[in-house]
Amino acid sequence: MLDVSPIYRHYDITEHLEKFVENIRQLGIIVSDFQPSSQAGLNQKLNFIVTGLQDIDKCRQQLHDITVPLEVFEYIDQGRNPQLYTKECLERALAKNEQVKGKIDTMKKFKSLLIQELSKVFPEDMAKYRSIRGEDHPPS
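Below is a summary of the structure that appears in this document. Since this is a predicted model, take the numbers as computed values, not measurements.

### Some words on the overall build of the protein
Right, on to step 1. When you go through the protein residue by residue, the secondary structure sums to 5 helices and 0 strands.
Right, on to step 2. For the protein, the N- to C-terminal ordering of α and β elements is α-α-α-α-α.
Right, on to step 3. For the protein, long-range pairs separated by at least 24 residues make up 38% of all intrachain contacts whose partners lie at least 6 apart in sequence.
Right, on to step 4. Just so you have it, the protein exposes about 11500 Å², and 61% of that area is on carbon and sulfur atoms.

Next comes the structure, spelled out in structure tokens:
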């Protein structure tokens, strides 16, 4: 049976965070233009924020095994989209993969050329080397 509880948990935390952010936004509006008549609305928003923090805390306990790289917080502090972190990590990994692949290809070519040249200078020793390695014939 497929366990979809992590999906629901992710949805719950996302929903709670979105509600919390919206309540904070509305609180900012109320506070920036505070009038004594808006005290009841302010108190209500503060209660919503407290409840929202409690809901988020409950979700946090369900998601205890998730770690977030510190660089993600740096992206957020810089006003950048944290999803760019994942994209840039993948791009760096692909670039590094290509670089390593190039080095491996170069080393394979070097090995082949080295064996060819050593076979010309030390044919008996290289024949022993190839027999130890299980190679029947010299590389071309």
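Following the structure, the description resumes.
### Quick look at the nonpolar core
Right, on to step 1. Ranked by size, the top nonpolar core spans 8 residues in total: I13, F20, L27, I30, L42, I49, I56 and C59.
Right, on to step 2. Elements with a minimum of two residues in this core: helix 1 (5-32) and helix 2 (39-62).
Right, on to step 3. In this structure I49 touches F20, N23, I24 and L27, once residues within four positions along its chain are discounted.

### A few points about the packing of aromatic side chains
Right, on to step 1. Throughout the structure, instances matching the rule amount to 1 aromatic pair.
Right, on to step 2. Ring centres of Y75 and Y85 lie 5.7 Å apart, and the angle between their planes is 85°; on these two criteria the pair is classed as edge-to-face. Residue Y75 is located in helix 3 (residues 70-77), and its partner Y85 is located in helix 4 (residues 83-121); the two are separated by 10 residues in the primary sequence. With respect to class, Y75 is no different from Y85; both count as buried.

### Focus: the pattern of salt bridges
Right, on to step 1. Summed over the entire model, instances satisfying the criterion amount to 6 salt bridges.
Right, on to step 2. A salt bridge links E88 to R80, with the nearest nitrogen and oxygen atoms 2.9 Å apart.
Right, on to step 3. In this structure, D105 engages K101 in a salt bridge whose closest nitrogen and oxygen atoms are separated by 3.3 Å. Remark: K101 and D105 occur in helix 4; sequence separation between them is 4 residues, near one turn of the helix.
Right, on to step 4. The class for K101 is partly exposed, based on a relative accessible area of 45%.

Rules behind the numbers
Residues numbered from 1 in each chain as written. Predicted model: local features only at pLDDT ≥ 70, side-chain atom pairs only at ≥ 80, totals over all residues. Heavy atoms only, no water. Helix = DSSP H or I, 4+ residues; strand = E, 2+ residues; numbered from the N terminus. Contact = heavy atoms within 4.5 Å. Areas by Shrake-Rupley, 256 points an atom, 1.4 Å probe, with all protein chains shown as cover. Core = buried A, V, L, I, M, F, W, Y, C linked by side-chain atoms within 4.5 Å. Buried < 20%, exposed > 50% of the residue type's maximum accessible area, 1.4 Å probe, protein only. Phe/Tyr/Trp six-rings, centres within 6.5 Å; stacked < 30°, edge-to-face > 60°. Salt bridge = Lys/Arg side-chain N within 4 Å of Asp/Glu carboxyl O.

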